[in-house]
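Each chain is listed here by its residues.
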Amino acid sequence: MIPIITVFVSHPILQTENELVKRFVSLGFAPLVDATHKHSHTWFINNVQPSEHKLFTFENQNVYFYDTNDLHPEMDFTPNVMIHWSESCRKISDEEWRGIREWLKYKFYTCYDYIDYLTPEIDAADLLMKRPFTQKTENQEKEKWPQVQDHYSFKTFFIEEKDTMLYEIWKPNTDVPYTSVIRNYSQRGHKAFFPTLYICNSWGVSRHDLPFLSFMWKQLDQKDEFDMDKMLKEATEKCYPSETGEVEREPEVYRRTIDDVLLILQTQQDGIQCAHVFNDIPESIKERFK
């Protein structure tokens with residue numbers, strides 16, 4: 001039961017649409033590229049409606065799905081992607097479609113703490129999203145266990161041209177790190193990093209997490225006293241409008257390595273962050289996912 005993925009594109013294809021195609025290819029799929037039917041309501045009704053399908057719009061680090069019944073005859077909003085199965089396929093449940101949505105968000109966008117609390121859903125969706133071609137070697141067929149370490153560690157990486165500092169933190173007995181992104185680093189400094197990890201449900205649950213941050217504080221040569229409660233309070237207050245109306249963006253934390261985050265930041269800069277949306281989808285569809 002292999003899904004058929006169609007990416008709807010303009011003619012000529014836009015860079016953002018091309019990035020969607022390339023990303024699906026990198027994930028092991030062979031997506032169809034349709035530059036003909038994106039605005040044809042009749043085509044969707046006659047050819048898509050009978051199949052087990054969902055249409056997807058990628059927008060602002062989010063993914064929304066709907067079906068042909070939600071499309072307007074005038075096609076004032078259009079899908080970026082269609083996923084469907086052959087008519088012989090069993091019915092995909094609403095819960096499974098929602099899992100596929102989370103899988104798409106995880107594969108394309110900021111995951112924050114998804115891997116902590118959505119791992120079963122993403123794993124189940126990955127089984128549904130079978131790749132059409134697999135080449136297995138003898139070594140690949142052997143079960144591979146994730147590499148884990150038994151100690152804390154950290155490293156940093158500075159993107160000078162973007163004035164952005166990345167902090168990668170590994171906890172003991174985990175197979176993925178935390179990577180925090182601090183923009184405007186020259187103005188905010190290392191101190192801005194320390195409260196960010198607490199956006200993740202899995203950070204702070206170990207009695208060793210806080211002492212490790214205290215150790216990092218010293219290693220990063222911070223002169224002030226280490227006061228995590230104070231830093232969390234200050235960070236929370238900055239998320240609300242100040243007297244001048246300024247609001248600091250929410251912490252940006254990925255459960256990925258620094259190398260992966262560098263790729264994510266680059267794809268966001270290239271335009272894949274919002275994919276391509278001709279017209280905003282109706283609020284009635286967005287409300288289904290709140």
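Our subject is the structure that appears above.
Computed from a predicted model, the values in this text were never measured in an experiment.

The rules we used
- Residue positions are given per chain, counted from 1 along the sequence in the order it is written.
- Predicted model: local features are reported for residues with pLDDT of at least 70 only, side-chain atom pairs are reported and counted for 80 or more only, and whole-chain, interface and lining totals are derived from all residues.
- Remark: hydrogens and water are excluded; side-chain values derive from all non-hydrogen atoms of the structure.
- A pair of strands counts as paired when DSSP detects no fewer than two bridges linking them.
- A run of H or I in DSSP counts as a helix once it spans at least four residues, and a run of E counts as a strand once it spans at least two, with each numbered from the N terminus.
- In this analysis an axis means a line fitted to C-alpha atoms, helices contributing only their contacting stretch, and an angle means the value between N-to-C directions, from 0 to 180 degrees.
- Pairs of residues are marked as contacts when any of their non-hydrogen atoms sit within 4.5 Å.
- In this analysis, rings of Phe, Tyr and Trp, with Trp reduced to its six-membered ring, are considered paired at centre separations within 6.5 Å, and the interplanar angle assigns stacked below 30 degrees, edge-to-face beyond 60, and tilted for intermediate values.
- The buried label goes to any residue with under 20% of its type's maximum accessible area, the exposed label to any with over 50%, and the partly exposed label to all in between, with areas taken from a 1.4 Å probe on protein chains only.
- We call a set of buried Ala, Val, Leu, Ile, Met, Phe, Trp, Tyr and Cys residues a nonpolar core when their side-chain atoms join them within 4.5 Å.
- Grid spacing is 1 Å over the protein atoms alone, the probe is 1.4 Å, and a cavity is where that probe fits but cannot get out, while a pocket is an open set with protein on both sides within 12 Å along at least five of seven lines and lining residues have an atom within 4 Å of a point.
- Grid points are joined across faces, edges and corners, and a volume is the space filled by probe spheres set on the points.
- Amino acids are sorted into nonpolar (Ala, Val, Leu, Ile, Met, Phe, Trp, Tyr, Cys and Pro), charged (Asp, Glu, Lys and Arg) and polar (every other residue, Gly among them).

Chemist: What is the right way to look at the sheet that holds strand 7 (residues 164-170) in this model?
Modeler: In a beta sheet, neighbouring strands are held together by backbone hydrogen bonds and run either parallel or antiparallel to one another. Within the open sheet, the four strands sit side by side as 6-7-8-9. Their pairing is antiparallel. With one partner strand each, in any of the chains shown, strand 6 (153-159) and strand 9 (252-254) form the two edges of the open sheet. Put simply, the sheet's adjacent strands are angled 20° from each other on average, direction ignored. In this sheet, strand 9 lies alongside strand 8 (residues 178-182) in antiparallel orientation, the contact comprising three bridges. Bridge assignment links Thr179 to a residue of strand 9, and that residue is Tyr254. Contacts from helix 8 (residues 209-219) reach strand 6 and strand 7 within the one sheet, and its direction differs from that of strand 6 by about 45°.

Chemist: Help me out: how do you make sense of the sheet that holds strand 5 (residues 81-85) in this one?
Modeler: An order of 2-1-5-3-4 is seen for the five strands of this open sheet, with the pairing classed as mixed. This sheet does not close on itself; its edge strands, each paired only once, are strand 2 (32-34) and strand 4 (62-66). The mean inter-strand angle of the sheet, taken between neighbouring strand axes irrespective of direction, is 25°. Summarising the sheet, strand 1 (residues 4-8) and strand 5 pair through four bridges and their orientation is antiparallel. From the neighbouring strand, Ile5 faces strand 5, where its bridge partner is Ile83. In the packing of helix 1 (residues 15-26) onto the sheet, contacts are made with strand 1, strand 2, strand 3 (52-59) and strand 5, and the angle to strand 1 comes to roughly 165°.

Chemist: Just checking my understanding: could you explain the packing of aromatic side chains for this structure?
Modeler: The geometry of an aromatic ring pair comes down to the distance between the two centres and the angle between the two planes. Under the defined criterion, the tally for this structure stands at 23 aromatic pairs. Ring geometry for Tyr167 against Phe193: centres 4.4 Å apart, planes inclined by 15°, an arrangement best described as stacked. Here Phe193 lies in the loop between helix 7 (185-188) and helix 8 and Tyr167 lies in strand 7, a separation of 26 residues in the sequence. Tyr167 gets classed as buried once you look at its relative accessible area, which sits at 0%. Note on Phe194 and Trp217: the rings are 5.1 Å apart at their centroids and 65° apart in plane angle, and the pair reads as edge-to-face.

Chemist: Help me understand the nonpolar core in this model?
Modeler: If you look at soluble globular proteins, the nonpolar side chains tend to sit buried side by side. Within the largest apolar cluster, 40 residues are counted, with the highest numbers of intra-cluster contacts made by Phe56, Val81, Ile83, Ile100 and Leu104. Among the elements of the structure, strand 1, helix 1, helix 2 (41-48), strand 3, strand 4, strand 5, helix 3 (94-108) and helix 5 (119-128) are those that each provide at least two residues to this core. Other than its neighbours up to four places away in sequence, Ile83 contacts Pro3, Ile4, Ile5, Glu52, His53, Lys54, Phe56, Trp97, Ile100, Leu104 and Met129.

Chemist: What am I meant to see in the layout of surface pockets here?
Modeler: Empty space among the atoms can be located by rolling a probe the size of a water molecule over them. Taken as a whole, the second largest pocket holds about 440 Å³ of empty space. Taken together, 22 residues form the lining of the second largest pocket, with Arg188, Ala192, Pro195, Ala235 and Glu248 sitting closest to its centre. Elements supplying a minimum of two residues to the lining of the second largest pocket: strand 8 and helix 9 (228-238). Per element, the largest residue contribution to the lining of the second largest pocket is six residues, and it comes from helix 9. In terms of residue class, the lining of the second largest pocket is built from 11 nonpolar, two polar and nine charged.

Chemist: Would you take a moment to explain the environment of Lys54 for this structure?
Modeler: Take Lys54: it is sitting in strand 3. For Lys54, a relative accessible area of 12% translates into the label buried. Considering only alpha carbons, one finds Lys54 and Asp67, 13 residues apart in sequence, at a separation of 5.0 Å. Non-local contacts of Lys54, meaning those with residues more than four positions away in its chain, are made with Phe65, Tyr66, Asp67, Val81, Met82, Ile83 and Trp97.

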